[in-house]
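# An overview of the molecular structure
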Amino acid sequence: ILLNLWMITLTGIHSIPLESHEVLVIETSREMELQGEWILPSFNYEPRLNKPPFSYWAVAVLSHLDPTSKDVQIWHGRLVSLLAGLVMVFATYHAGKTLFNPFIGKLASLLLLSMQGYISFSHHARPDFLYSTFCVLQLFAWMYAWKAEDDTARQRLYGWLGWGMAGLATLTKGPQVPAVFLAGTLVFLLQSPERRRTL
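What this report covers is the structure whose coordinates are included nearby. (Residues numbered from 1 in each chain as written. Predicted model: local features only at pLDDT ≥ 70, side-chain atom pairs only at ≥ 80, totals over all residues. Heavy atoms only, no water.)

### Some thoughts on the nonpolar core
What counts is decided by this rule: The set of buried Ala, Val, Leu, Ile, Met, Phe, Trp, Tyr and Cys residues whose side-chain atoms join them within 4.5 Å is what this entry labels a nonpolar core. Throughout this description, buried means an accessible area under 20% of the type-specific maximum (1.4 Å probe, protein chains only), exposed means over 50%, and partly exposed covers the range between. Think of it this way: any DSSP run of H or I at least four residues long counts as a helix, any run of E at least two long counts as a strand, and we number them from the N terminus. Two residues form a contact once any of their heavy atoms are found within 4.5 Å.
Core analysis: the largest hydrophobic core is formed by 23 residues, its most contacted members being Val80 and Tyr118. Listing elements by their share of this core, those giving two or more residues are α2 (20-35), α3 (54-65), α4 (74-99), α5 (102-113), α7 (128-147) and α8 (153-172). Element by element, the count of residues in this core is highest for α7, at five residues. For Val80, the contacting residues outside a window of four places in its chain are Ala58, Val59, Leu62 and Leu130.

### Points about the pattern of salt bridges
Our working definition: The working definition used for a salt bridge is a side-chain nitrogen of Lys or Arg within 4 Å of a carboxyl oxygen of Asp or Glu.
Applying the stated rule across the entire model yields nine salt bridges. Two residues, Glu22 and Arg78, come together in a salt bridge whose shortest N-O distance is 2.9 Å. With Glu22 in helix α2 and Arg78 in helix α4, this residue pair connects regions lying 56 residues apart in the sequence. Taking the relative accessible area as the measure of exposure, Arg78 reaches 0% and is therefore buried. With a closest N to O distance of 2.7 Å, Arg30 and Glu27 form a salt bridge. Pair noted here: Arg30 and Glu27 are both in helix α2, with a separation of three residues, about one helical turn. Among the charged side chains, a network of salt bridges with common partners joins Glu19, Arg126, Asp128 and Lys173.

So this is what it looks like as structure tokens:
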């Protein structure tokens, strides 16, 4: 899994041509950093309210941590998606291993790595992959909370972690997918024989 992940994520990080949406993310991050304005995103020095600011913050932080450059680079924007991809692959492995067995975890991770969406979106400076990762972590955390024994610290931790990931996803691209996952989780819980555990 690590070898495949290494080959897929490094291929094309510098050579894939920039898309217009990537330019929006990178330039908005640059302007936020230059102006010291961390709440209100701007593009061409005009407010840009199309997307919440978390992905811009992430790009600006990576740029700030890079000692070799004083400006936001293309790879700063793409690295956010690459790191989110790494987290998603390992979270998928862990969920498969925890809920089933290590073989299922490996198989799920390799299937994720072979998907066209993973290969293309993990190399873009768009907020989509970071959003997907937070949403998947939200779902996995709630699954772990459901699997845990009721009213334990472990269950509460995973429950709150799921809400935290839903919040970060909302700050990245909006509440649509977190709301769908919340609704799906509620339907699952309420129709199961253990519906009393829903709260």
